[in-house]
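Reading the structure
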Amino acid sequence: MDARTTLPLPDPACDTAPRAEFLRGLRAALPVMIGFIPFALVLGAQAAQKGLSALEVPLMTGLNFAGGSEFAAVELWTSPPHIALIVAITALVNSRHLLMGASLAPLLQHLPRRRVLPALFFMCDESWALGVADARRRAPGFSLSYYLGVSAGLYTVWVLCTALGAIVGPLLGDIHAYGFDMAFPAVFLVLLRGMWQGMRAARPWLVSLVVAAGTYLLVPGAWYVASGALAGLAAAWLLAEDAA
């Protein structure tokens, strides 16, 4: 089988029952939503320790719905903040969204941009993974309403719980002592298991992992994000050419 045709082709008929699909996405996202809670509390508590208010924290997490870059921004936050540095690091960490958006493009090409562009604002690693995994399992393919149900649940929990973390964080002290920050890696492992299609399909992921880990150990800063993403993209392209 050609490695470039692993996903079902998009079909306008896959969104014939938007309400049912939205609710199905909301139910599918429930375990991830639960996993979001402790991690969001950690982020909110860390932001409060840096001086952000309970109003500023959900404003940040709601406008930049991407957990990794939010943690990076909070880590770099000073008074006064170094805006240019925070913007640059945020853009670098969020560079992975370019690849995720590109992988969704063939699945969304039958839809008008007025629906697609607002939906992509809510794209995060977890909503992307659940949407693509669902498209692989079902026919006729990608369901935008399912994806929106997933995104709505994840977005709401993330924003509300980061605000809650900003409120209760100062009362709890060092929130890392509770082990909450282990929730995010656990969520990613579950998502990875759901998307697993064998070692052959995982080769670009392995290349990305090795390059990102090496860059993390050898190069200061967040360059491991961009290097891992670019290495994975290059590996996927080269392996697809070999399989053609």
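Refer to the structure presented above.
An account of the accompanying structure is given in this report. (Residues numbered from 1 in each chain as written. Predicted model: local features only at pLDDT ≥ 70, side-chain atom pairs only at ≥ 80, totals over all residues. Heavy atoms only, no water.)

1. Looking at the environment of Trp237
Going by this rule: Here a helix means four or more residues in a row that DSSP labels H or I, a strand means two or more in a row labelled E, and each is numbered from the N terminus. Only protein chains enter the area calculation, which uses a 1.4 Å probe; residues under 20% of their type maximum are buried, those over 50% are exposed, and those in between are partly exposed.
One can find Trp237 in helix H12 (residues 223–243). Classification of Trp237 as exposed rests on a relative accessible area of 55%. It is 8.9 Å that separates the C-alpha atoms of Trp237 and Pro204, two residues lying 33 residues apart in sequence.

2. Observations regarding the nonpolar core
Heads up, the rule is: To qualify as a nonpolar core, a set must consist of buried Ala, Val, Leu, Ile, Met, Phe, Trp, Tyr and Cys residues joined through side-chain atoms within 4.5 Å. Note on contacts: a residue pair is in contact if any heavy atoms of the two residues lie within 4.5 Å.
Counting 25 residues, the largest nonpolar core has Phe36, Leu154 and Trp158 as the members making the most contacts within it. When residues of this core are traced back to their parent elements, those giving at least two are helix H2 (30–49), helix H3 (56–63), helix H4 (67–76) and helix H9 (144–172). Ranked by residues supplied to this core, first place goes to H2 with nine residues. Once you skip the residues sitting within four places of it in the chain, Leu154 turns out to touch Ala29, Val32, Met33, Phe36, Phe65, Cys124, Glu126 and Ser127. Core analysis: the second largest hydrophobic core is formed by 15 residues, Met100, Val116, Val132 and Phe142 among them.

3. Regarding the packing of aromatic side chains
Here is the rule we go by: Two rings from Phe, Tyr or Trp (for Trp, the six-membered ring) form a pair when their centres sit within 6.5 Å of each other. Planes less than 30 degrees apart are called stacked, planes more than 60 degrees apart edge-to-face, and all others tilted.
Tallied over the entire structure, the rule returns seven aromatic pairs. Judged by centre distance (6.0 Å) and plane angle (45°), the rings of Phe142 and Tyr147 are tilted. Here the two residues Phe142 and Tyr147 agree in accessibility, since each one is buried. Joined through ring pairs, the aromatic side chains of Phe36, Phe39, Phe71 and Trp158 make up one cluster.

4. Notes on the packing of H2 against H4
Going by this rule: Every axis in this analysis is a line fitted to C-alpha atoms, fitted for helices over the stretch in contact. Angles between the N-to-C directions lie between 0 and 180 degrees. Throughout this description, any angle smaller than 35 degrees is read as roughly parallel, any larger than 145 degrees as roughly antiparallel, any in the 65 to 115 degree range as roughly perpendicular, and the remainder as oblique. By convention, the crossing between two helices is left-handed when the near helix turns anticlockwise from the far helix through less than a right angle, and right-handed when the turn is clockwise. In this classification, the charged set is Asp, Glu, Lys and Arg, the nonpolar set is Ala, Val, Leu, Ile, Met, Phe, Trp, Tyr, Cys and Pro, and all remaining amino acids, among them Gly, are polar.
Contact geometry of H2 with H4 gives a least axis separation of 9 Å together with a crossing angle of 20°. Taken together, the axes of H2 and H4 lie roughly parallel to each other. As for the relative orientation of H2 and H4, their crossing is left-handed in sense. The residues of H4 that touch H2, namely those facing Phe39, Val42, Leu43, Gln46 and Ala47, are Glu70, Phe71 and Val74. Looking at the contact of H2 with H4, its residues break down into six nonpolar, one polar and one charged.

5. Looking at the side chain of Asn94
Considering the arrangement of structural elements, one finds Asn94 in the loop between helix H5 (83–93) and helix H6 (96–108). Sequence-distant contacts of Asn94, that is, excluding residues within four places in its chain, are made with Asn64, Ala66 and Ser69.

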